[in-house]
Amino acid sequence: VRLLRGIELVGSGSLGFSITHPADCHVYLVHDRDDAVLIDSGCGLATEQVISMIMAAGVAPSAVSRVLLTHAHADHAGGAGALVSELGASLYAAPEAARILMEGDEEAAGLLTARANGLYPSEVVLRPTLCEPLSSGEVLRVGGIKISVIDTPGHAAGHLAYLIDTGDNRVLLSGDLVFTRGRVVVLATPDTNIVELASSIRRVSEFRPDALLPGHGSVAIRDARSHLDAALAALARQQLPEAFYP
Ligand SMILES: [Zn+2]
């Protein structure tokens, strides 16, 4: 599903557009010329469908050189191991998330608790996978497209957002940091940090993106600012922004 020139939605679950497995986050494909990257991987139970969607976007699976994760929660990272091996791609994440992926640390990823509570099917696992750390401020290139890495802890430790400069648009892929209408997901997990969440939302707002493409729910192709402003207004009142629920 084409969102903007060079950016397609190739996976999405029941909190979004129900394209692939219900437990999948949004999986974005960024492509230009003969290179492509995926942002997030889904939960891993619909990897073949994600690959079919890549092909439907007119991109050869072999063109996907990298998979970049926003964080290590299973709906975003569970599919990483299978995807990188099927695509022959390399995997990247924030240092804390990279460690979780390398070790398949389901406890630190929050997967043990989530699975015990029926949030994910029992088949969702985090298999140990080689993963390279990304540092904040790093700039990756996909053809003529620039992707800047922004450290955004708060929803989870080791959370990254990606600012994509397509030439026409500045596009914020915010993962689970902030959703449309400025909503947030605050979990009762040990690595949730509300103070960091607030400062991360302020940090990404300073980049003044045109489009907001979060990890779930609706997307904002233009006027991202008004969505981020809703969160900033709540934070200015020392309140948590509205909760994201389906
Ligand atoms: Zn998450």
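The preceding data block contains the structure.
Residues numbered from 1 in each chain as written. Predicted model: local features only at pLDDT ≥ 70, side-chain atom pairs only at ≥ 80, totals over all residues. Heavy atoms only, no water.

**A closer look at helix H7 (residues 224-236)**
With 13 residues, H7 extends 18 Å from end C-alpha to end C-alpha; this agrees with the ideal 18 Å at 1.5 Å per step. Every buried residue of H7 is accounted for by Ala224, His227, Leu228, Ala231, Ala234 and Leu235. The inward-facing, buried residues of H7 abut helix H6 (194-205) and strand S12 (211-214). Just downstream of H7 lies Gln238, where phi reads positive at about 60°. (Helix = DSSP H or I, 4+ residues; strand = E, 2+ residues; numbered from the N terminus. Expected span 1.5 Å × (residues − 1). Buried < 20%, exposed > 50% of the residue type's maximum accessible area, 1.4 Å probe, protein only. Contact = heavy atoms within 4.5 Å.)

**Side note on the packing of helix H1 (residues 47-56) against helix H3 (residues 80-87)**
Interaxial distance between H1 and H3 falls to 10 Å at its minimum, and their mutual angle equals 50°. Our classification of the angle between H1 and H3 gives oblique. The element H1 and its partner H3 pack so that their crossing is right-handed. Residues Thr47, Glu48, Val50, Ile51 and Ile54 of H1 pack against Ala82, Leu83, Glu86 and Leu87 of H3. Here the contact of H1 with H3 is built from residues that sort into six nonpolar, one polar and two charged. (Axes fitted to C-alpha atoms, helices over the stretch in contact; angles between N-to-C directions. Parallel < 35°, antiparallel > 145°, perpendicular 65-115°, else oblique. Left-handed = near helix turned anticlockwise from the far one by under 90°. Nonpolar A, V, L, I, M, F, W, Y, C, P; charged D, E, K, R; others polar.)

**Some remarks on the environment of Ala116**
With respect to the element layout, Ala116 can be found in helix H5 (residues 111-116). By relative accessible area, which is 67% here, Ala116 ends up exposed. As for Ala116 and Val1, which are separated by 115 residues in sequence, their C-alpha atoms are 33 Å apart.

**Comments concerning the nonpolar core**
Ranked by size, the top nonpolar core spans 38 residues in total, and within it Leu38, Ile54 and Leu101 carry the most contacts. Core analysis: the next-biggest nonpolar cluster, separate from the first, contains 23 residues, Ile39, Val142, Ile145 and Leu173 among them. (Core = buried A, V, L, I, M, F, W, Y, C linked by side-chain atoms within 4.5 Å.)

**A closer look at the coordination of the zinc ion**
Protein coordination at the zinc ion comes from His71 (NE2), His73 (ND1), His155 (NE2) and Asp176 (OD), with a distance range of 2.2 to 2.3 Å. In this structure, the zinc ion is coordinated by four donor atoms arranged in irregular fashion, with angles at the metal of 88 to 175°. Donor residues binding the zinc ion come from one chain and are separated in sequence as H-x1-H-x81-H-x20-D. Taken together, the residues His155 in the loop between strand S9 (145-151) and strand S10 (160-165) and Asp176 in the loop between strand S11 (170-175) and H6 connect sequence positions 21 residues apart. The exposure class assigned to His155 is buried, which follows from its relative accessible area of 1%. (Donors = N, O, S within 2.8 Å, 3.2 Å for Na, K, Ca; no water. Tetrahedral: all angles 85-135°; square planar, octahedral: opposite > 155°, others 65-115°.)

**Digging into the pattern of salt bridges**
For the structure on display, the rule yields eight salt bridges. The salt bridge partner of Asp168 is Arg5, with a shortest N-O separation of 3.0 Å. A residue pair is termed long-range when its members are at least 10 positions apart, and Asp168 in the loop between S10 and S11 and Arg5 in the loop between strand S1 (2-4) and strand S2 (7-11) qualify at 163 residues. In this structure Asp168 comes out as exposed when scored by relative accessible area, which is 51%. A residue is classified by how much of its surface remains accessible, and Arg5, at 45% relative accessible area, is partly exposed. Close ionic contact of Glu103 with Arg99 constitutes a salt bridge, the shortest N to O distance being 2.6 Å. Taken together, the positions of Glu103 and Arg99, both in helix H4 (residues 95-103) and four residues apart, correspond to about one turn of that helix. Residue Glu103 is classed as partly exposed on the basis of its relative accessible area of 48%. (Salt bridge = Lys/Arg side-chain N within 4 Å of Asp/Glu carboxyl O.)

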